[in-house]
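# Breakdown of the fold
Letter by letter, the chains look like this.
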Amino acid sequence: MSGGAVEAKLAELGLTLPEVVPPIAAYQPAVRSGAYVYTAGQLPMVKGSMPVTGKVGAEVSAEQAKELAAVCALNALAAVKSVIGDLDKIARVVKVVGFIASAPDFTAQPGVLNGASELLGAVLGEKGVHARSAVGVAVLPLDAPVEVEIQVELVPGA
């Protein structure tokens, strides 16, 4: 199914919705429950590979990680679309949770997660404003620096 206003906004921003990243374990990329869609944690995969690996604040800079968080958010939108068919059915992003693989002394996790939050805001406007948690962790799957999951509420009747 082709996109509407949300995908037009992505194109205006020079972004293309990627193919859904296949699961690396026993789960679904996104699941709908009632008026909500919950995504699995999305890694910053680009065309099937991880562009950068390592810990933020060590092998990966905070700025690189912020860009990767935006990639994760784009992958999350692709996962949502795979369930609902049209991103214009999103009423709002309710919650974003970001996991940042952090060097022991790295404490700027919220700044990294801003990459995801800013992308969602740029693409969805007011519908992209959300609650969130930015969590520093020791390691993520495939040595990813960042992982992001989102929860969206759908418009009534979607």
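Given the structure is predicted, the values throughout are model-derived calculations rather than measurements.

Moving on, we get to the pairing of strand β3 (residues 90-101). For β3 and strand β5 (residues 146-154), the ladder comprises 9 bridges, and the chain directions are antiparallel. Bridging across to β5, Ile-100 finds its partner in Val-146. Here 7 bridges tie β3 to strand β4 (residues 131-137), and the two strands are oriented parallel to one another. The partner of Val-96 across the bridge, within β4, is Arg-132. With helix α3 (residues 109-124) bridging β3 and its parallel neighbour β4, the resulting β-α-β unit is right-handed.

Moving on, we come to the nonpolar core. Among the nonpolar cores identified, the biggest contains 39 residues, and Leu-77, Leu-120 and Ile-150 are the most heavily contacted of them. Looking at this core, the elements with two or more residues in it are α1 (5-12), α2 (62-84), β3, α3 and β5. Of all the elements, α2 adds the most residues to this core, at 13 residues. Beyond its immediate chain neighbours, meaning those up to four positions away, Ile-150 contacts Val-37, Tyr-38, Thr-39, Ala-76, Leu-77, Val-80, Lys-95, Val-96 and Leu-120. Within the second largest apolar cluster, 7 residues are counted, among which are Val-21, Met-45, Met-50 and Leu-140.

Together, Ile-24, Tyr-27 and Leu-142 give the surface a local cluster of nonpolar side chains, amounting to about 280 Å² of exposed area. Following the sequence through the fold, Tyr-27 ends up in the loop between α1 and β1 (30-33).

Bridge analysis of β1 against strand β2 (residues 36-39) gives 4 bridges, and the strand direction is antiparallel. Across the sheet, Ala-30 pairs through a bridge with Thr-39, a residue of β2. A loop of 2 residues connects β1 with β2, the two strands running antiparallel in sequence, and Gly-34 in this loop sits at a positive phi of about 60°.

Now for α1. By the burial criterion, the buried members of α1 are Val-6, Glu-7 and Leu-10. End-on view of α1: buried residues confined to an arc of 95°, all on one side of the axis. Among the exposed residues of α1, those oriented more than 90 degrees off its buried face are Ala-5, Ala-11 and Glu-12. For α1, the secondary structure elements touched by its buried residues are α2 and α3. One or two positions beyond α1, positive phi appears at Gly-14, with a value near 80°.

We now examine the packing of aromatic side chains. Counting across every chain of the model gives 1 aromatic pair. Between Tyr-36 and Tyr-38, the aromatic rings sit 6.4 Å apart at their centres with planes inclined by 40°, giving tilted as the arrangement.

What follows deals with the layout of surface pockets. A probe as big as a water molecule, rolled over the atoms, marks out the empty space that is left. Estimates place the volume of the largest pocket at around 270 Å³. Lining the largest pocket are 16 residues; nearest its centre among them are Pro-18, Met-45, Val-46, Lys-47 and Asn-75. With 4 residues, α2 is the single largest residue contributor to the lining of the largest pocket. Per-class residue counts for the lining of the largest pocket are 11 nonpolar, 3 polar and 2 charged.

Definitions and cut-offs
Residues numbered from 1 in each chain as written. Predicted model: local features only at pLDDT ≥ 70, side-chain atom pairs only at ≥ 80, totals over all residues. Heavy atoms only, no water. Pairing = 2+ DSSP bridges. Helix = DSSP H or I, 4+ residues; strand = E, 2+ residues; numbered from the N terminus. Right-handed = clockwise from strand over helix to strand, strands pointing away. Core = buried A, V, L, I, M, F, W, Y, C linked by side-chain atoms within 4.5 Å. Buried < 20%, exposed > 50% of the residue type's maximum accessible area, 1.4 Å probe, protein only. Contact = heavy atoms within 4.5 Å. Patch = residues over 30% accessible without salt bridge, like charges linked within 9 Å, V, L, I, M, F, W, Y side chains within 5 Å. Areas by Shrake-Rupley, 256 points an atom, 1.4 Å probe, with all protein chains shown as cover. Salt bridge = Lys/Arg side-chain N within 4 Å of Asp/Glu carboxyl O. Arc of directions from axis to C-beta. Phe/Tyr/Trp six-rings, centres within 6.5 Å; stacked < 30°, edge-to-face > 60°. 1 Å grid on protein atoms, 1.4 Å probe; cavity = no way out; pocket = protein on both sides within 12 Å on 5 of 7 lines; lining within 4 Å. Points joined across faces, edges and corners; volume = space filled by probe spheres on them. Nonpolar A, V, L, I, M, F, W, Y, C, P; charged D, E, K, R; others polar.

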